[in-house]
Every structure is written in C-alpha cells, then in structure tokens.
Amino acid sequence: MVIGLVGSALRDPDVFPDPDRFDIGRSQAQSIAFGSGPHFCAGASLGRMMSQTAVLSLVTRYPELALAGPPTFESHAFLRKISHLPVTLGPAA
C-alpha cells in the first residue's frame, strides 16, 4: 500500500535546503495547490487573485509587519498547517 501525503509536498530535502523551516521567500519548483490536468481547480484564478489582494492589502496597511517568533505547526495524516504565526504589525499606514 502506498499513501501520498500532501503534508510532505514541497519538503524534499534533496530539493530544498532546510525543508522544514518556514521561508516565505523560498523559490518553489511548482505549486500543487490547485491540482493539475483534468483535475485542475476551476477557481484557481480567483483563489490566486484573492490571495494576492489579501497579502498586498496587509503589507500595504502594515509596512513594518514582521515575524515575532517561529511559527507553530500542526500535523496529522493528511495536512500540515501553521497553527500559530506570531507577528508584530507596527503602526498602520
């Protein structure tokens, strides 16, 4: 039996140095977020646009946004997610 886990995606130590470290600037080989081929997500363009708008709005409003500590990860059989991401906002622009 083989079970593929999404939680291990893009964490290959042969491809990424220190694959378990949270690095928002990491260059990724390719995204698996929206599937591929006949299973490609019909809402991918909307999802990307919404994500870009949210992140741009956040960093525009809080230009001094910075990590305030290491993230805390939560894992189970199918997912690996950030459960806590401490940040300092700084003054709003």
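Since we're looking at a predicted model, the values are computed, not measured.

A. Highlighting the overall build of the protein. For the protein, the count of helices and strands is 1 helix and 4 strands. Per-residue burial over the protein gives 8% buried out of 93 residues. Of all intrachain contacts in the protein linking residues separated by at least 6 positions in sequence, the fraction that spans at least 24 positions is 36%. Per element, the accessible surface of the protein, about 7,500 Å² overall, is 62% carbon and sulfur.

B. Looking closely at the pattern of salt bridges. A full pass over the atoms with the stated rule returns 1 salt bridge. In this structure, Asp 18 engages Arg 21 in a salt bridge whose closest nitrogen and oxygen atoms are separated by 3.2 Å. Here Arg 21 falls in the partly exposed class, since its relative accessible area comes to 43%.

C. Main features of unusual backbone geometry. A positive phi is found at Asp 18, a non-glycine position, where the angle reads about 50 degrees. Here Asp 18 lies in the segment before helix H1 (44-61).

D. Here's a closer look at the environment of Val 87. Looking at the element boundaries, Val 87 is found in strand E4 (residues 87-88). Those residues in contact with Val 87, other than ones at most four positions away along the chain, are Leu 65, Ala 66, Leu 67 and Ala 68.

The rules behind these values
Residues numbered from 1 in each chain as written. Predicted model: local features only at pLDDT ≥ 70, side-chain atom pairs only at ≥ 80, totals over all residues. Heavy atoms only, no water. Helix = DSSP H or I, 4+ residues; strand = E, 2+ residues; numbered from the N terminus. Buried < 20%, exposed > 50% of the residue type's maximum accessible area, 1.4 Å probe, protein only. Contact = heavy atoms within 4.5 Å. Areas by Shrake-Rupley, 256 points an atom, 1.4 Å probe, with all protein chains shown as cover. Salt bridge = Lys/Arg side-chain N within 4 Å of Asp/Glu carboxyl O.

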